[in-house]
Amino acid sequence: MTQYETVIGLEVHLELKTDSKIFCSSSTSFGGKPNTHVCPVCLGLPGVLPVVNKKVVEDAILVALALNCRIAEFSKFDRKNYYYPDMPKNYQISQYDLPIALNGYLEIELDGELKKIGITRLHMEEDTGKLVHQGTITTTPFSLVDYNRAGVPLLEIVSEPDLRSPEEARIYLEKLKSIIQYTGVSDCRMEEGSLRCDANVSVRQLGKEEFGTKTEIKNMNSFRSLQKALTYEVSRQIEVLGEGGRIVQETRTWDEGQGITLPIRSKEEAHDYRYFPEPDLVPMIIEREWVESVRKRLPELPDARRERYVRDYGLPVYDAGVLTSTKEMADYFEACLNAYSSPKTVSNWIMGDLSRLLNSNNLEINECPVSPVNLASLFKILDEGTISGKIAKVVFEEMFATGKDAGTIVKEKGLVQISDEESLTAIVEEVIAGNPKSVSDYRSGKDKALGFLVGQVMKATKGKANPELVNKLFKEKILN
Amino acid sequence: MIKKSDVEHVALLARLELTDNEKEIYTRQLNDILGHFESLQELETTNVEPMAHVLSLFNVFREDKVDRHLPSENVLANCPDRDEDCFRVPKIV
């Protein structure tokens, strides 16, 4: 059987979190009443002139630096012409032959090995308006247009065809998202469309240099659907070739419901966009001093932070990777560490119970009802022996549900650990009296029986008994 | 050399409906224009940087500030068809 190699490149569109649009002073805020965040410029009315938002250029430089790109010394905007109602001007202002940045890379980890994925280019452009169809685009009798999003600044980041599997593509996109979130220029929410991804996919016989014919896949709205869509498309192409067929170069859309890709008609015949230099905008000269001043805004990026966690906190590489995957989680971890200096304890709780509750409640860590200081206070009363480890989990769930601090919950619910030897002795004696079989098992050397006996005390005290003390008491009473 | 098929292609991209007679006229006229520009090719431009803009002006920027929006009624005042706050356009594909 012929062996095939998968070749994937990703084109990512990223909405920048500026206050105003890229070429005019209309608001970029999401979800307003249709056609209220618009002005004569983004509506393409005659006689108006666009002016570039300086923050967009600086954010583009910042992201480009984070992705190890070369920042152009000279850059300009171009017109991309196409006839489609998502842009009222009938063209989109984009960058063609002189993008703001070229030749970058990021590193992804595959089975413990680092792999460099090249970034071909990064450029600035304006987002389009939103079209609302009745049913699907092909069956709707008409479409409704909202231009609130038209002119929102976008960065387009194009990777080299360096990705060799759908999984690699997903890991690359996750890493890209992580790096961009650290720079703080975008929310990177795939579900809300502030991070969008198209993929160029082809397969070639293993060992061959030249690329196979590629298809472009659109409409993948989550990391999961990216991997699923690419997996489907790769097997479809291999099947077509295996049957002696040929791959048609075309744009295909991912149909999540059916789990397949389908060809779609392109916006414009043969993508004939007739680019030309945008006459309404003057070119940009990017002085190196400007680049260096933007570089000062660059935060510690995920790779560096992960290494620091391993080096300075002695955390396992896996923990460090999870904690630094988003800036918010790493910030939370460090805030917690400021109040309680045991990195591994903090890491275990954040990666365990905290992440579990965040996921099941569909919350991001910056929306966490338990503040880092509060979480640290739970560790402190745990260390002091006020509550047992088991009760700590109950207290934590309550903290998460109510936002109250650990001490208050322990008091209100009467969860203070029973460490009073006299009252525990009474319960221990009752358990011994009621379980002669386990007692004799334990006496004859079956350590497991002790666990059962301790469990009975825990049951009687609703988990509040001090486990160490209970163990000690059983040993004294049975073995002596 | 512009062919009639080029004129048809460009007309389609611009959503222009042309009669056969018009296609002939525009093919001839566009070739005349290109012929005129050909004389510029005679200039020696080996050491001339391609021009990105006719003005020798660079780096014109605005600060990231939100200003007034156009009132909704004005936004939709000239549109031929609307549905409440949206522009309504014919079927696209």
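Residues numbered from 1 in each chain as written. Chains lettered and ligands numbered in written order. Predicted model: local features only at pLDDT ≥ 70, side-chain atom pairs only at ≥ 80, totals over all residues. Heavy atoms only, no water.

Engineer: Break down the sheet that holds strand β2 (residues 82–83) of chain B for me, citing the residues and quoting the values.
Structural biologist: Pairing is antiparallel in the open sheet, where four strands are placed in the order β9(A)-β10(A)-β3(B)-β2(B). Of all strands in the sheet, those with a lone pairing partner are β9 (130–133) of chain A together with β2 of chain B, marking the two edges. Summarising the sheet, strand β10 (residues 142–146) of chain A and strand β3 (residues 86–90) of chain B pair through four bridges and their orientation is antiparallel. Bridge pairing in β3(B) links Ser143(A) to Val89(B). (Pairing = 2+ DSSP bridges. Helix = DSSP H or I, 4+ residues; strand = E, 2+ residues; numbered from the N terminus.)

Engineer: Describe helix α11 (residues 406–413) of chain A, and please don't skip the residues or the numbers.
Structural biologist: Residue and element names in this part refer to chain A. Among all positions in α11, only Ala406, Ile409 and Val410 are buried. Along α11, the residues classed as buried sweep out an arc of 100 degrees about the axis, all on the same side. Residues of α11 that are exposed and point over 90 degrees away from its buried face: Lys411 and Glu412. Along its buried surface, α11 packs onto α9 (372–383) and α10 (389–402). (Buried < 20%, exposed > 50% of the residue type's maximum accessible area, 1.4 Å probe, protein only. Arc of directions from axis to C-beta. Contact = heavy atoms within 4.5 Å.)

Engineer: Would you mind going over the packing of helix α2 (residues 166–183) of chain A against helix α5 (residues 302–313) of chain A in detail, with residue names and values included?
Structural biologist: All names here are of chain A. Packing of α2 against α5 leaves a shortest axis separation of 9 Å and a crossing angle of 90 degrees. Comparing their axes, α5 and α2 come out roughly perpendicular. Seen from α2, the contacting residues are Lys175, Ser178, Ile179 and Tyr182; seen from α5, they are Pro302, Asp303 and Arg305. Looking at the contact of α2 with α5, its residues break down into three nonpolar, one polar and three charged. (Axes fitted to C-alpha atoms, helices over the stretch in contact; angles between N-to-C directions. Parallel < 35°, antiparallel > 145°, perpendicular 65-115°, else oblique. Nonpolar A, V, L, I, M, F, W, Y, C, P; charged D, E, K, R; others polar.)

Engineer: How would you sum up the pattern of salt bridges? Please name residues and give values.
Structural biologist: Residues and elements named next belong to chain A. Tallying each qualifying case throughout the model produces 45 salt bridges over all chains. Across the pair Asp312 and Arg311 runs a salt bridge, and its minimum N-O distance is 3.2 Å. The exposure class assigned to Arg311 is exposed, which follows from its relative accessible area of 58%. For Lys477, the salt bridge goes to Glu429, with nearest N and O atoms at 3.3 Å. In this pair, Lys477 sits in helix α15 (residues 467–479) while Glu429 sits in helix α12 (residues 421–434), placing the two residues 48 residues apart along the sequence. Its relative accessible area of 36% is what places Lys477 among the partly exposed residues. (Salt bridge = Lys/Arg side-chain N within 4 Å of Asp/Glu carboxyl O.)

Engineer: Could you give an account of the domain arrangement of chain A, naming the residues involved and the relevant values?
Structural biologist: Residues and elements named next belong to chain A. As far as domains go, chain A holds domain 1 (4–293), domain 2 (302–412) and domain 3 (421–479). The C-alpha centroid of domain 2 is placed 36 Å from the C-alpha centroid of domain 1. The partner domain 2 presents ten residues to the eight residues of domain 1 that form the contact. Summed over both sides, the interface between domain 1 and domain 2 buries roughly 740 Å², with carbon and sulfur atoms accounting for 47% of that surface. The largest per-residue losses of area from domain 1 upon contact with domain 2 belong to Lys175, Gln181 and Tyr182, which jointly make up 64% of the total buried on that side. Across the contact surface, domain 1 and domain 2 share two salt bridges. Residues Glu109 and Arg306 are paired through a salt bridge, measuring 3.2 Å at the closest nitrogen-oxygen approach. Taken together, domain 1 and domain 2 are joined by four residue pairs in polar contact (both at pLDDT 80 or more). (Domains from an automatic or database assignment. Buried area = accessible area lost by both parts, 1.4 Å probe. Polar contact = N/O pair within 3.5 Å; in protein donor to acceptor, adjacent residues only side chain to side chain.)

Engineer: Let's hear about the packing of aromatic side chains: which residues, and what values?
Structural biologist: Here the distance between the centres and the angle between the planes together describe a pair of aromatic rings. Residues and elements named next belong to chain A. In the structure shown here, the tally under the stated rule is 14 aromatic pairs over all chains. Summarising the aromatic geometry, the rings of Tyr273 and Tyr275 are spaced 6.2 Å apart at their centres and angled 80 degrees between planes, so their arrangement reads as edge-to-face. We classify Tyr275 as partly exposed; its relative accessible area is 28%. One Lys or Arg, Arg79, reaches over the ring of Tyr91 and ends 4.0 Å from the middle of that ring. When the ring centre of Tyr105 is taken as origin, the NZ or CZ atom of Lys116, which lies over that ring, is 4.2 Å away. (Phe/Tyr/Trp six-rings, centres within 6.5 Å; stacked < 30°, edge-to-face > 60°. Lys NZ or Arg CZ within 6 Å of the ring centre and 35° of its normal.)

Engineer: Residue-level account of the environment of Phe474(A), with values.
Structural biologist: Residue and element names in this part refer to chain A. Mapped onto the fold, Phe474 is located in helix α15. As a C-alpha pair, Phe474 and Lys448 span 26 residues in sequence and 13 Å in three-dimensional space. Ignoring any residue separated from it by four or fewer positions in sequence, one finds Phe474 in contact with Val428, Val431, Ile432, Leu450, Leu453, Val454, Val457 and Leu479.

Engineer: So what's going on with the state of the cysteines? Residues and values would help.
Structural biologist: Residue and element names in this part refer to chain A. One pass over the structure, following the stated rule, counts zero disulfides over all chains. Left without a disulfide partner, Cys368 is nearest to the cysteine sulfur of Cys336, which lies 9.6 Å away. Of the residues examined, Cys368 reaches a relative accessible area of 12% and is grouped as buried. (Disulfide = S-S within 2.5 Å.)

Engineer: I'd like to hear about the confidence of the model for chain B, residue by residue, with values.
Structural biologist: On average, residues of chain B score 90 in pLDDT, and 99% of them are at 70 or above. Both scores are given for the predicted complex: the pTM is 0.83, the ipTM 0.88. (pLDDT = per-residue confidence, 0-100.)

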